[in-house]
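Now for the letters of each chain:
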Amino acid sequence: MGIIEDSVHLLEEQAQGSGCEDGAVNLRVDPDCTKCQFEQGVCMVATFGGKSAEFVTSDPTRATTKISFMFGATFGNTRMRAAACAIINALTGFLCINRISHSCSPECHHPCLEELKKRINGRAVCLIGYSYRLETEFKVFLVERIEDAEVIVVTCDGLESDEGARSLNCPCQGKEMIFIGPSTSGVAVMEKINHWCPYGR
């Protein structure tokens, strides 16, 4: 079971009997969305019960579906993983177990980056997923292999991509793992993984 399938399973257990499973969730694209500085792609917004949350992806879905259609499913491609993550973000927000649904405003980008640099503190970083900003700012500390890293940073691209899905199924014992940006918030909450988005809304 992959990390997204596991997160959906955990969320299903939390939502069981609440009526959420019968509710409809809408997925749409918001071209005017202000995106996180660490994310590239199109902002897909999931809305459930009046609560919205975003996931930035290169392969967005536009649809209305039931939450229950996610339960027990296997997410075998980029589009399905991205849609599942967006729904997880919205539902965890609706259930008040996730406080980060949207990116911060641009004036927060600099302090966010500076605080992240302090958190990394010169340690070897393996980046799972693409991020131009992270690759530029941390190029001196980047390593290609998880085995050589002290910190593993996971982006939204890392969550949705085939390569990221494979990497996240590898053993990471003894490594600090950080999911970064608003898009990764729901999975991070469900899996109890460190999440970096100090100014997210």
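First things first, this report covers the structure right here in the doc.

Scoring rules and cut-offs
Residues numbered from 1 in each chain as written. Predicted model: local features only at pLDDT ≥ 70, side-chain atom pairs only at ≥ 80, totals over all residues. Heavy atoms only, no water. Core = buried A, V, L, I, M, F, W, Y, C linked by side-chain atoms within 4.5 Å. Buried < 20%, exposed > 50% of the residue type's maximum accessible area, 1.4 Å probe, protein only. Helix = DSSP H or I, 4+ residues; strand = E, 2+ residues; numbered from the N terminus. 1 Å grid on protein atoms, 1.4 Å probe; cavity = no way out; pocket = protein on both sides within 12 Å on 5 of 7 lines; lining within 4 Å. Points joined across faces, edges and corners; volume = space filled by probe spheres on them. Nonpolar A, V, L, I, M, F, W, Y, C, P; charged D, E, K, R; others polar. Pairing = 2+ DSSP bridges. Axes fitted to C-alpha atoms, helices over the stretch in contact; angles between N-to-C directions. Contact = heavy atoms within 4.5 Å. Expected span 1.5 Å × (residues − 1). Phe/Tyr/Trp six-rings, centres within 6.5 Å; stacked < 30°, edge-to-face > 60°.

## Focus: the nonpolar core
One finds L159 and F179 to be the most contacted residues of the largest nonpolar core, which totals 46 residues. A total of nine residues in this core trace back to one element, the largest contributor, which is helix α2 (residues 78-94). L116, I120, L127 and V151 belong to the second-largest nonpolar core, a separate cluster that totals 15 residues.

## Observations regarding the layout of surface pockets
To find leftover empty space, a probe the size of one water molecule is rolled over the atoms. Roughly 230 Å³ of internal volume is contained in the largest pocket. Along the walls of the largest pocket sit 14 residues, with L127, I128, G129, E163 and S167 positioned nearest its centre. Of all elements in the fold, only β5 (125-128) and α6 (162-168) reach the threshold of two or more residues within the lining of the largest pocket. Across the lining of the largest pocket, the residue classes tally to six nonpolar, four polar and four charged.

## Quick look at the sheet that holds strand β2 (residues 42-48)
The strand order across the open sheet built from four strands is β3-β2-β1-β4, with neighbouring strands paired in antiparallel fashion. With partners counted over all chains shown, the strands left at the sheet margins are β3 (51-57) and β4 (63-66), one partner each. Shown here is a sheet whose adjacent strand axes are inclined to one another by a mean of 25°, direction ignored. Sheet strands in contact with α2 are β1 (24-29), β2, β3 and β4, and its direction is about 155° off that of β3.

## Structural notes on unusual backbone geometry
Positioned with a positive phi, N121 is a non-glycine residue whose angle comes to about 55°. Locating N121 in the fold gives a position in the loop between α3 (109-120) and β5. A positive phi angle is found at K192, which is not glycine, with a value near 55°. With respect to the helices, strands and loops of the structure, K192 is situated in the loop between α7 (185-191) and β8 (194-196). The class of K192 is exposed, set by a relative accessible area of 75%.

## Section: the environment of W196
Within the fold, W196 resides in strand β8. On a C-alpha basis, the gap between W196 and L116 in space is 8.0 Å, while along the polypeptide they are 80 residues apart. Residues in contact with W196, not counting those within four places in the same chain, are C112, E115, L116, R119, I178, F179, I180 and G181.

## Concerning helix α1 (residues 3-15)
Across its 13 residues, α1 extends 18 Å between first and last C-alpha, which sits within 8% of the 18 Å expected from 1.5 Å per residue. Among the residues of α1, I3, I4, E5, S7, V8, L11 and A15 are the ones counted as buried. Elements that come into contact with the buried residues of α1 comprise α2, α5 (156-160), α6, β7 (176-180) and α7. Once α1 finishes, G17 follows within two positions and takes phi at roughly 85°, a positive value.

## Here's the deal with the packing of aromatic side chains
Tallied over the full model, the rule gives one aromatic pair. Judged by centre distance (5.0 Å) and plane angle (80°), the rings of F48 and F94 are edge-to-face. Pair noted here: F48 is in strand β2 and F94 is in helix α2, with a separation of 46 residues, a long-range link. Judged by relative accessible area, which is 6%, F48 ranks as buried. Assessed through its relative accessible area of 34%, F94 is described here as partly exposed.

## So, empty space enclosed by the protein
Scanning all chains against the criterion turns up two cavities of 30 Å³ or more. In this structure, the largest cavity spans a volume of roughly 80 Å³. What lines the largest cavity is a set of 15 residues, among which C36, F38, C104, C112 and C197 lie closest to the centre. The residue makeup of the lining of the largest cavity, split by class, is 10 nonpolar, five polar and no charged. Taken together, L116, I120, V125, L127, L134, F138, L142, V153 and I180 make up the lining of the second largest cavity. Grouping the constituent residues of the lining of the second largest cavity by class yields nine nonpolar, no polar and no charged.

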